[in-house]
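# Descriptive analysis of the structure
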Amino acid sequence: MAKLKYEKTSAYLEIKNWDRFQMKRDDMPWIKDYVDKEADPDYGSLTMLQRYLFDGLCRLRGRLQKRICNDPEYIARALCVKGVEHKYVGCAIAVLIMCGFLIPSNEQLDFAEQSRVEEKRAEESRERLAAASALETKAKTKTSPIECEFNPFTYESEIVSKSGRVFNPVEVKRILQFHLSSGDPFWKSRIHSVGNLRSNIDTMDGQVPSDWIPPVPQPLKTRCVAAPTCPLCRGTGTKRVPNPSGEGFISVPCDCPKREEVLINHVWVERTKECT
Ligand SMILES: [Zn+2]
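Residues numbered from 1 in each chain as written. Predicted model: local features only at pLDDT ≥ 70, side-chain atom pairs only at ≥ 80, totals over all residues.

### As for the nonpolar core
Residues Leu57, Ile68 and Leu96 are the most contacted members of the largest nonpolar core, which totals 20 residues. Looking at this core, the elements with two or more residues in it are strand 1 (12–15), helix 3 (48–64), strand 2 (68–69), helix 4 (72–78) and helix 5 (86–98). Residues contacting leucine 96, with those up to four places away along its chain left out, are Gln50, Leu53, Phe54, Phe101 and Leu102. Judged by nonpolar contacts, the second largest core, of 9 residues, contains Leu176, Trp187, Ile191 and Ile201. (Core = buried A, V, L, I, M, F, W, Y, C linked by C-beta atoms within 7 Å. Buried ≥ 20, exposed ≤ 12 C-beta atoms within 10 Å, placed from the backbone. Helix = DSSP H or I, 4+ residues; strand = E, 2+ residues; numbered from the N terminus. Contact = placed C-beta atoms within 7 Å.)

Here is the structure:
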């Protein structure tokens, strides 16, 4: 298949026939797949990379319960694709669109989802009357472009939860920090948008121990190194000198100028020319 160039033509992507073949419930931790999918000539014409991306997008679609942001970088991150492979995502999306597996769309919700959302809203507003409908208006105004850029590691804004509780930015940051720094990947893999966060923050908050204190950022590791060109120590920082007792040699610190290096992402990087 000829190599296609990715070009953004819509805000969202829909999966072909999603509405026809999937369950119409929004709390499913799984999606339906088709056992004879490989026998489909169109699917069979895809490369393994394109097939994975399509299957991954189906799961992402199921998880989001709405159409997927048409943004290769967002998709790569949402599918936890390794950094070096992000570059393949755009081209694969272009192929999947060309073959009809993905359908560009500018609406984030399909008809059924829209009705479901509306039904849910009506129910909530019956329960909580004016307060609830005010919150929903607030939720409605915060739609897709912001959700595409959502980064749980840097997010620090007020959130009004489903139950109507207002979490201030400091509380939101603390809750996110707890779940992102814990060894349990459960929430890490589920919080992809402000909407997700809004729906789940009550539960997430309940799981943060009241006495939990966010870890203090570790100071950067530094070291002093001698220049590899030093003729006395050849960068080791110690040189051999005759033993004052007259027997052989001993190692002593070399007094050549040292530079400071700092450890960034497991790589030592020069920071200053001089250090003591
Ligand atoms: Zn030296």
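Further notes follow.
### Overview of the environment of cysteine 233
Relative to the assigned elements, cysteine 233 resides in the loop between strand 6 (222–226) and strand 7 (238–242). For the pair cysteine 233 and lysine 16, spaced 217 residues apart in sequence, the C-alpha separation works out to 67 Å. Apart from residues no more than four positions distant in its own chain, cysteine 233 is found in contact with Ala226, Thr238, Lys239, Cys254 and Cys256.

### A closer look at helix 8 (residues 169–181)
An ideal rise of 1.5 Å per residue puts 18 Å on 13 residues; helix 8 measures up with 18 Å between its terminal C-alpha atoms. Inspection of helix 8 places Val172, Ile175, Leu176 and His179 among the buried residues, and these make up the whole buried set. Considered in projection along helix 8, the buried side chains sweep an arc of 95 degrees and stay on one side of the axis. Exposed residues lying more than 90 degrees from the buried face of helix 8 are Val170 and Ser181. Those residues of helix 8 that are buried lie in contact with strand 4 (159–160), strand 5 (166–167) and helix 9 (194–206). (Expected span 1.5 Å × (residues − 1). Arc of directions from axis to C-beta.)

### What about the sheet that holds strand 2?
Strand order across the open sheet formed by 3 strands is 2-1-3, with antiparallel pairing between neighbours. On the outer flanks of this sheet lie strand 2 and strand 3 (102–105), each paired with one strand and no other. Two strands pair when backbone bridges link them, and strand 1 and strand 2 are joined in this way by 2 bridges, in the antiparallel orientation. From the neighbouring strand, tyrosine 12 faces strand 2, where its bridge partner is cysteine 69. (Pairing = 2+ DSSP bridges.)

### Looking at unusual backbone geometry
A positive phi angle, close to 60 degrees, is found at asparagine 17, a residue other than glycine. By the element assignment, asparagine 17 lies in the loop between strand 1 and helix 1 (18–21). C-beta crowding within 10 Å serves as the criterion here: with 11 such atoms nearby, asparagine 17 is assigned to the exposed category. Residue arginine 234 is not a glycine yet carries a positive backbone phi of 50 degrees. Here arginine 234 lies in the loop between strand 6 and strand 7. Looking at arginine 234, the number of C-beta atoms within 10 Å reads 14, which means it is partly exposed.

### Things to note about the environment of lysine 239
With respect to the element layout, lysine 239 can be found in strand 7. A tally of 19 C-beta atoms within 10 Å means that lysine 239 is categorised as partly exposed. Residues lysine 239 and proline 253 lie 14 residues apart in sequence; the distance between their C-alpha atoms is 6.2 Å. Those residues in contact with lysine 239, other than ones at most four positions away along the chain, are Leu232, Cys233, Val252 and Cys254.

### A short note on the confidence of the model for the protein chain
Residues of the protein chain with pLDDT of at least 70 account for 91%, and the chain-wide mean is 84. Across residues 143–147 the pLDDT falls below 50, and counting only partners more than four positions away or on other chains, this stretch makes 8 contacts in the model. (pLDDT = per-residue confidence, 0-100.)

### Quick word on the pairing of strand 1
By the alternation rule, side chains of strand 1 split into Tyr12 and Glu14 and Leu13 and Ile15, which are all buried. Looking at chain direction, strand 1 and strand 3 are connected through 4 bridges and run antiparallel. Within the sheet, the bridge partner assigned to leucine 13 lies in strand 3 and is proline 104.

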